[in-house]
Each structure stands twice: as structure tokens, then as C-alpha cells.
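# Observations on the three-dimensional arrangement
The chain contents come next:
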Amino acid sequence: MKKVAIYGQSYSISAEKEIQILLDVLQKNNIDCFIEKQFYDLLIEGAILEDKYPTFSHFTDLNTSFDALFTLGGDGTILRAVTYIRNLGIPILGINTGRLGFLATINKTSIQESVELVLKGEFLIIERTLLSIKTVPELEQFKELNFALNEVTIARKNTTSMIGIRTSLNKEYLTNYWADGLIIATPTGSTGYSLSCNGPVISPDSKNVVITPIAPHNLNARSMVISDGTSIQLTIDSREKDFLISLDSRITSVPKNTKLFIEKANFTVKSIIPKNQSFLQTLRSKLLWGEDTRNETNL
């Protein structure tokens, strides 16, 4: 590994120590570091950096010569970082300076150990499926950033009334969900919004997508796991003129006569998992699986 990019939240600095640890490890190993411009300006303003670094500010500033992209923050930071790497195939390693973190799995107490393992080649690569969206009529908002790593979410706007989401799979009618919205999540996104709406956890290497209704009025509506090779068609029935589409955290207001076509994107995002980490370990840690949280004195 010779050249990496670094991306962090540009609205606040809350991880000065972790940033210094990361940069120190990379410098000791003679790694060229490029820092996202807004994040870099914030670091300079806070007098956190002692040296000057080259910067990047757009997808076009990166290329396949970069060996990895490191993020500092939570899962949302990684989702935003994906808009910079897109289909370049640059692997991502997330350092968790936030809270839960299913994607940003590197704990702030193990940054040096984990990064050194990666630099030694002791890591695995997980290729994560993304979803792409097309609309009829075609909308300007989805011409460039029409993909999502976690989920595509359809939601009501400016109303307390439910919306109807007529859903077809491979052009065959499935059902009309009457709900606050609908989540179409990748395996990566199965531990996000979909999970909070009682969707299942799906292993990141699974070739599946999960459809999860948000607060459905149809009491028999449940999450449904389908093949990621399935094409999904949606039409919306709403009292309002518009509804919302969210691609990860990027929200767009859309006229209700818009038809949506969702399918697996033609590229993947590579995530780096150091050999001191694993997906199952992350689940046990974040969801407290396999732990007895009862007070033993009350047994």
C-alpha cells in the first residue's frame, strides 16, 4: 500500500487523537495521504495538522492509483465517502469515532493495530452490493448519484396519511403496501433502517435484497427477502403531490406520478476487514448477542 485517501465529517472535529494516530501510522510506513478538502480545511482551522497534505474534493480527483480510502466517523461517513469512490473499486476502511457502527468497525482503541494489519496485508475484502434507481419520467437528481449502499427508501411527505406503494417483482405484481413508506435494503443496509423496522439481518456476502414496510397498515405485511437479481418496480398513491426518495441519506422530493425501477447496481463497494475483525464479531458487539446482561445477584 503506497497511496490512500482520508475522509471525515466536515462539520465538526471530535476525534483529534484518532486522526493523529491514523496519520502517524501511515507516515511511519511512508504512505502518501490525500485528505478530503473540507475535512482538511477543518483540521487546519483547528490546528490539528502539523504538516501539509494534498487534497481531493470530487470523484474526478480520485482514480485507481489509490490503494484505500480511510474514513473517520460513523456509518454515515462511509455512506458519504462512497459518493467519492463510486465504481473506482477503491477499498474502504472505516474507523468508528461515532456510536453504533456496523460499517465503521474499527474501534478507536485499536486504530494502530488494525491499520498495521492492513498494511501487512492481513485483511479480507468484502464486496458489498449496491442498488441503483431509474425513474420515469427521468429526473435530473438521479442522473449522477443514482445508487445506494444501504437502502432506497420511499416515504410520505408533508402528511400524516399513509401512502400506497404498488410493488412488482420482475414485472409481476406482488402487493400494494399501505404504510408510512417502504425500504429496499442491501445486505449491508439490513443492519440499518430496515433492522429498526423489524427487518432481518442479512450476511454481507449474501446475494439478497430485503423489502421492509415502514409502519404498514396491512397487518399481514412483513419483510421479504428476494434475490438481488430481481428488478423492482414501484408506483405511488398519495394524497400529496410529492413523496420522498432517500438513497442512503440523500433525500429527494419526487412527484407522485413518478415510476421507480430499482435493481442491483453494476458495481460493488469493497470494504476492508482486518483479521482482528469479523461480521459476526461486530454483530455480537453491537447487538449484544450471546451476552447475558442479567444481574447475577438477582438470579
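Before any of the text, the structure's been laid out above.
Okay, so let's go over this structure. As the structure is a computational prediction, the values presented were derived from the model and not from experiment.

Bringing the pattern of salt bridges into the picture now. The tally for this structure, following the rule as stated, stands at five salt bridges. Where Lys143 meets Glu140, a salt bridge forms, and the shortest distance between an N and an O atom there is 3.2 Å. By the burial criterion, Lys143 is exposed, and Glu140 matches it.

Okay, the pairing of strand 9 (residues 151-155) next. Here strand 9 lies mainly inside the structure; five of its five residues are buried. Strand direction decides the pairing type here: strand 9 and strand 12 (residues 181-185), joined by five bridges, are antiparallel. The partner of Val152 across the bridge, within strand 12, is Ile184. Pairing between strand 9 and strand 16 (residues 242-247): four bridges, direction antiparallel. Looking across to strand 16, one finds that Thr153 is bridged to Ser246.

What follows covers the side chain of Gln277. Summarising the element assignment, Gln277 is placed in the loop between strand 18 (259-274) and helix 6 (279-287). Not counting the four nearest positions on each side in its chain, Gln277 is found in contact with Thr105, Ile106, Ser110 and Thr282.

Turning next to unusual backbone geometry. In this structure, the amide linkage connecting Val136 to the following residue, Pro137, adopts the cis form with an omega of 0°. Mapped onto the fold, Pro137 is located in the loop between strand 7 (123-136) and strand 8 (147-148). Positive phi, normally seen in glycine, also occurs at Asn30, with a value near 55°. Along the polypeptide, Asn30 turns up in the loop between helix 1 (16-28) and strand 2 (32-36). A relative accessible area of 66% means that Asn30 is categorised as exposed.

Taken as a whole, helix 2 (residues 37-45) has its buried residues at Phe39, Tyr40, Leu42 and Leu43. Each buried residue of helix 2 sits inside an arc of 160° when the element is viewed along its axis, so together they form one side. Among the exposed residues of helix 2, those oriented more than 90 degrees off its buried face are Gln38 and Glu45. A side-chain oxygen of the first residue of helix 2 lies 3.3 Å from the backbone nitrogen of Gln38; this N-cap is Glu36. At the exit of helix 2 stands Ala47, carrying a positive phi of roughly 55°.

The strand order across the open sheet built from six strands is 14-13-12-9-16-17, with neighbouring strands paired in antiparallel fashion. At either margin of the open sheet sits one strand with a lone partner, and together these are strand 14 (224-227) and strand 17 (250-255). Along the sheet, successive strands turn relative to each other by an average axial angle of 20°, direction set aside. For strand 13 (residues 208-214) and strand 14, the ladder comprises four bridges, and the chain directions are antiparallel. Among the inter-strand pairings, Ile211 is bridged to a residue of strand 14, identified as Met224.

Counting buried positions along helix 3 (residues 75-85) yields eight of 11 residues, so the element is predominantly enclosed. Within the span of helix 3, buried status applies to Thr77, Ile78, Leu79, Ala81, Val82, Thr83, Tyr84 and Ile85. A positive phi of about 45° marks Arg86, the residue just after helix 3.

Our next topic: the pairing of strand 5 (residues 92-96). Judged by how many residues are buried, strand 5 sits mostly within the fold: five of five residues are covered. Alternating positions in strand 5 separate into two faces, Ile92, Gly94 and Asn96 on one and Leu93 and Ile95 on the other, with burial throughout. For strand 4 (residues 68-73) and strand 5, the ladder comprises five bridges, and the chain directions are parallel. Bridging from a neighbouring strand, Leu69 pairs with Ile92 of strand 5. In this view, the connection linking strand 4 to its parallel neighbour strand 5 by way of helix 3 has right-handed handedness. Both strand 5 and strand 6 (residues 106-107) contribute to a ladder of two bridges, which runs parallel. Residue pairing across strands places Ile95 opposite Ile106, the latter belonging to strand 6.

Take the environment of Thr175 next. Inspection of the secondary structure puts Thr175 in strand 11 (residues 172-179). By relative accessible area, which is 25% here, Thr175 ends up partly exposed. Along the backbone, Thr175 and Ser203 are 28 residues apart, and their C-alpha atoms lie at a distance of 26 Å. Non-local contacts of Thr175, meaning those with residues more than four positions away in its chain, are made with Ile165, Arg166 and Thr167.

Running from N to C, helix 1 and helix 4 (residues 111-119) cross one another at 30°; their axes reach a closest spacing of 10 Å. Judged by the angle between their axes, helix 1 and helix 4 are roughly parallel. Handedness of the crossing formed by helix 1 with helix 4: right-handed. Along the contact surface, helix 1 presents Glu18, Ile21, Leu22, Val25 and Leu26, while helix 4 presents Ile111, Gln112, Val115, Glu116 and Leu119. Taken together, the residues of the contact of helix 1 with helix 4 break down into seven nonpolar, one polar and two charged.

Cut-offs used in this document
- Residues numbered from 1 in each chain as written.
- Predicted model: local features only at pLDDT ≥ 70, side-chain atom pairs only at ≥ 80, totals over all residues.
- Heavy atoms only, no water.
- Salt bridge = Lys/Arg side-chain N within 4 Å of Asp/Glu carboxyl O.
- Buried < 20%, exposed > 50% of the residue type's maximum accessible area, 1.4 Å probe, protein only.
- Helix = DSSP H or I, 4+ residues; strand = E, 2+ residues; numbered from the N terminus.
- Pairing = 2+ DSSP bridges.
- Contact = heavy atoms within 4.5 Å.
- Arc of directions from axis to C-beta.
- Polar contact = N/O pair within 3.5 Å; in protein donor to acceptor, adjacent residues only side chain to side chain.
- Axes fitted to C-alpha atoms, helices over the stretch in contact; angles between N-to-C directions.
- Right-handed = clockwise from strand over helix to strand, strands pointing away.
- Parallel < 35°, antiparallel > 145°, perpendicular 65-115°, else oblique.
- Left-handed = near helix turned anticlockwise from the far one by under 90°.
- Nonpolar A, V, L, I, M, F, W, Y, C, P; charged D, E, K, R; others polar.

The analysis is restricted to geometry; functional conclusions fall outside its scope.
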